[in-house]
Structures are given as structure tokens and as C-alpha cells.
Amino acid sequence: MAWPLIRILPREFHFDFVRLAPFAAILSAILILLSGASFFTKGMNFGIDFVGGTVIEVRTPGAAPIGVLRSSATAAGAHDAQVQSLGGANGAMIRFRPTEGQSAVAATEAVKQALTKAVPGIEFKQVQTVGAKVSGELMQRGFLALGVAMLLMLGYIWFRFQLQFGMGAVVAVLHDVLLTLGLLSFMQLEFSMTSIAALLTVIGYSMNEKVITFDRLRENLRKYKTTPLGEVINRSENERLSRTLITGTTAILALSGALFLGGPVLFPLVFTMVFGIIIGTYSSIYVALPIILLWG
């Protein structure tokens, strides 16, 4: 017996995806231009990993009061203070940047004094400062990882299918990454090494969508050899649409709990993944396939 909610989806879809492709191209172009404008006007809100800062590991007498630690550090002048549990209920890690014109040593001492006053008996286990040079290397390696991932996927799709399929996949994934970065810039969400991990996850999910899309298209190209390419694309997408809706919805529902209940530390990571799933599904239909259609 099928699950009742799945019965809501029709057995066959008859959307004309190809007819809407020019409008989708205009929409994508506008979104990419807006993303570029946000990069040049607002820039990225780089976290401590990329701009440097201080990390303090503490241990409290009882359960670590995350909210009190964060508010105390912020009141002491810590910029972009982040607090998360570490090593049990009474352990925590505080990450922050000094305010403009303040040295890292002075900022660290001010934060330690504020924490000692707010939480009597607190112990400072470790203090580390991430310099600008290390941060620059992390940024280089992070973006290098993104580039290598896309090149490897181009090679795989080229080997698995054909060159035009590979080019369609890479352009579509690049489209996903640019729009995701543009949204992070527009919303000024913190961009850190965790965000790089989220982007790599987005790339993997998006490329998986492309492989499934191309596999169904190739199968139908063999089956309907005399049918125009546009009609074959429409047929292929309609055949896999129910699977796409179920998979995408399941992934978003799985992330929804962390998105709404995970707090400010997890929000940038989970939000990036949710947006990446949505935009990756869109680009499979309206970026990758139109490139194949234009190529012929």
C-alpha cells in the first residue's frame, strides 16, 4: 500500500520546460548580476577562519551558560563573538575578533576579565590567536578545494557522458555556487571554513542531480532517436519530476530542524545547504539542460 501523501503526486507530468527556458535564463542572469553587485558593495562577511581572531577554551563550575558567555564577551568589546559547547556540558569555546584599532592581546584580556566577573570560578584552558597570514592560507585552500571539486566533476561527467553534458554540469554548478555566495553576501551571514564545507556539500548534491538528469536524458535519446531534442528533454524531465520533488523535499525537511532550532552558530551552515538544494534542483532543469539544447 502506497503512502497516502505520495498519491497526491500525479503519475505523469506534462510540463513544457523548454518553453520556459528563455525566461529562466533571464532570471538567472539577473540573479547573477545582483550577486556581483552585492560582492562589490557589501562584500563577504568573513569569519575568524579567514580574517584572524582569538579562540578561548573555558571550563565552568556547572553547565556552561552559553548565552551569558556570549553576552559578556560582546559587552567587553569582542566583535562577532561566537560561543559553542566543547568537551562536555561544562566546556565551551569562545571565538571573537578584536574591534578596529584594538590589539588581540588587549581584546583577549578584556574578554577574560568580563568572563571571570560574569561566571565566578571559570577556568581558561587554552587561548589561541589566528593571524592574518594563516587566515589567508585557509582562504586560498578553501577556494582551491572548490575549484578542484568542479574540475574533477567536469572530468567525470565528460567521461561518463559527453563533453556538452560536462560543460552543462559545470556551468550549472558554477551558477549554483555564485548565487549561494551572492545570497550569503546580501544577508551578511558569516563565511567561514564551515561555509566552504557547506558549499562542497551543495556541489555534491547539485552534481548528483545533474547525473540523474543526464542519465534519464541519455536513455531517452537512445529510445527516441528521431524525436526533436526539445521534446526528449521535456519527456525526460517529466518522467523524473516526482522523484525530484520527493528527494528535494525530504532533504529540506531533514535540515529544517537544524535551520530553525540550531541557533546562530549552525544557521549559516544549514541555510547554505537548504538554499543550495533548491538552486541545484532549479539549475539541473534550467541551466544544464538548456546548454545541451543549444549545443545540440
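A few points on the structure.

Rules used throughout
- Residues numbered from 1 in each chain as written.
- Predicted model: local features only at pLDDT ≥ 70, side-chain atom pairs only at ≥ 80, totals over all residues.
- Heavy atoms only, no water.
- Helix = DSSP H or I, 4+ residues; strand = E, 2+ residues; numbered from the N terminus.
- Contact = heavy atoms within 4.5 Å.
- Areas by Shrake-Rupley, 256 points an atom, 1.4 Å probe, with all protein chains shown as cover.
- Phe/Tyr/Trp six-rings, centres within 6.5 Å; stacked < 30°, edge-to-face > 60°.
- Buried < 20%, exposed > 50% of the residue type's maximum accessible area, 1.4 Å probe, protein only.
- Pairing = 2+ DSSP bridges.
- Expected span 1.5 Å × (residues − 1).
- Bend = angle between axes of the 7 residues up to and from the residue.

**A closer look at the overall build of the chain**
Across its full length, the chain holds nine helices and six strands. Sequence separation of at least 24 residues holds for 78% of the intrachain contacts in the chain that already meet a minimum separation of 6. Accessible surface for the chain amounts to roughly 15600 Å². Of this, 67% is attributable to carbon and sulfur atoms.

**With respect to the packing of aromatic side chains**
By the definition in use, this model includes three aromatic pairs. When the centroid spacing of 5.4 Å and the interplanar angle of 20° are considered together, the rings of phenylalanine 267 and phenylalanine 271 count as stacked. With a gap of four residues between them, phenylalanine 267 and phenylalanine 271 both fall in helix H9 (residues 263-295), about one helical turn apart. Ring geometry for tyrosine 282 and tyrosine 286: centres 5.8 Å apart, planes at 45°, overall tilted. Pair noted here: tyrosine 282 and tyrosine 286 are both in helix H9, with a separation of four residues, about one helical turn.

**Section: the pairing of strand E2 (residues 53-59)**
On any regular strand, side chains alternate: one points to one face of the sheet, the next to the other face. Of all the seven residues making up E2, five are buried; the element is thus mostly covered by neighbouring parts of the structure. Inspection of the sheet shows E2 paired to strand E4 (residues 91-97) by six bridges, in the antiparallel sense. Considered in E4, the bridge of isoleucine 56 is made with isoleucine 94.

**Here we look at the environment of glutamate 239**
Note that glutamate 239 resides in helix H8 (residues 229-261). In this structure glutamate 239 comes out as partly exposed when scored by relative accessible area, which is 35%. Not counting residues within four places of it along the chain, the set of residues in contact with glutamate 239 comprises Arg216 and Asn220.

**Points about helix H1 (residues 17-41)**
Taking 1.5 Å of rise per residue, 25 residues should cover 36 Å, and H1 covers 35 Å from first to last C-alpha, within 8% of that figure. The sharpest bend along H1 reaches about 35° and sits at phenylalanine 23. Taken together, the buried positions of H1 are occupied by Phe17, Ala21, Ala24, Ser28, Ser35, Gly36 and Ser38. Downstream of H1 by one or two residues, glycine 43 has phi in the positive range, about 75°.

**A few points about the environment of valine 51**
For valine 51, the location among the structural elements is in helix H2 (residues 48-51). Judged by relative accessible area, valine 51 falls into the partly exposed class, the value being 37%. As for valine 51 and arginine 97, which are separated by 46 residues in sequence, their C-alpha atoms are 8.6 Å apart.

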